[in-house]
Amino acid sequence: MSLYDLARDLPLRIDSYALEGLELQARSDFLRKTTVVRLQGGGEEGIGEDVTYHAEQHDRLQARGPDLPLPGEWTLHGFSEHLATLPLFEAEPEQHAYLDYRRWAFESSALDLALRQADLSLGEAVHREPRPVSFVVSMSLGAPPSTEWFHSWLGLYPDLRFKLDANSAWSDELVAELAATGAVDSIDFKGQYKGTVVDTPPDPALYRRVAEGLPDAWLEDPALTPETEAVLEPHRDRVTWDAIIHSVADIEALPWPPRMLNVKPSRFGTLERLFDAFDYCAERGIGTYGGGQFELGPGRGQIQYLASLFHPGTPNDVAPGGYNDPDPPPELPASPLPPAPSATGFRWGDWAGA
């Protein structure tokens, strides 16, 4: 039986829903906003989080209020089909991917609610036991690059592992310095982003410098050109993909079969596409790890929960929120995170919000 078959027919009753805005001044130039979707029904509540990046889209959604026709008696799959017919945005958003991000907020909230109404946890529903979750800390070294922040974190947490965003300003000396720490699990080239503030052009020299200087690191999202493909040819088994992976069809369309993929639930949009991808990768021996989208609320715990069930020991970019602080605080949870599933639903830890 497929993973999705284990969940698709769960009964779901929705009486009403509410929206809750969250925000964090992450940097002087970046106010991060997200929206918590709260579906209520049968005396229970399900929660999910919209991780759309444009702050004004959250303002518009919250100003609209609960205007979608969601109340009713559904199955989880029937509700998903209903969502596909609804205008989750008033117009096409700035990034097409935001359609999936918002869809996932409602789908994950519905999954949480259906499980709670059935008195089941997600682990029980999919017949898997949560396990301790390994995580990496994701960061950029800036431009011009500096390892000061990187070493500050290592000074407090010597066993910490990292996923680093690379750019063309990285020198041979910087790569050698990183390699000497033995703390870098993956490098993100961000070469597959299009029309975002993090778009990074292909750089064969950078790819060679990183691939040869960090021979044990995963190489995520390189941009492919004849020049970069020639550089990456000897390192294909370390290349992973993220931004372009939204479905099984996207995995099948990759230029060569991967050994590892970054599976972000919000990129898939629906529970069906996500679970189909887990099945596909398991059947073909493709490893997976999870990634975050700067969640401020329950979404972070939910990706940690999924990691605990499907890929607990891989370099999951699902570190607790404190690791986003500009100044490393002491006494943060260490990797691996102990299992913390709620007794019922799709929740990890004790986040409940307002």
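You'll find the structure just up there.
Figured I'd write up the structure that's included with this text. Computed from a predicted model, the values in this text were never measured in an experiment.

**What to know about empty space enclosed by the protein**
Here comes step 1: Within this structure, the stated rule accounts for 2 cavities of 30 Å³ or more.
Here comes step 2: The space that makes up the largest cavity amounts to roughly 90 Å³.
Here comes step 3: Trp104, Ser266, Glu295, Gly299 and Ile303 are, among the 13 residues lining the largest cavity, the residues nearest its centre.
Here comes step 4: Those elements that provide at least two residues to the lining of the largest cavity are strand E4 (44-50), helix H3 (97-117), helix H10 (265-268) and helix H12 (298-310).
Here comes step 5: Among the elements that line the lining of the largest cavity, the one with the most residues is H12, at 3 residues.
Here comes step 6: Of the residues contributing to the lining of the largest cavity, the split by class is 4 nonpolar, 7 polar and 2 charged.
Here comes step 7: What the second largest cavity holds in volume is close to 40 Å³.
Here comes step 8: Contributing to the lining of the second largest cavity are Val263, Pro265, Phe278, Gly290, Ile303, Leu306, Ala307 and His311.
Here comes step 9: Examining the composition of the lining of the second largest cavity, we find that 3 residues originate from one element, H12, more than from any other.
Here comes step 10: Among the residues forming the lining of the second largest cavity, the class breakdown is 6 nonpolar, 2 polar and no charged.

Cut-offs and rules
- Residues numbered from 1 in each chain as written.
- Predicted model: local features only at pLDDT ≥ 70, side-chain atom pairs only at ≥ 80, totals over all residues.
- Heavy atoms only, no water.
- 1 Å grid on protein atoms, 1.4 Å probe; cavity = no way out; pocket = protein on both sides within 12 Å on 5 of 7 lines; lining within 4 Å.
- Points joined across faces, edges and corners; volume = space filled by probe spheres on them.
- Helix = DSSP H or I, 4+ residues; strand = E, 2+ residues; numbered from the N terminus.
- Nonpolar A, V, L, I, M, F, W, Y, C, P; charged D, E, K, R; others polar.

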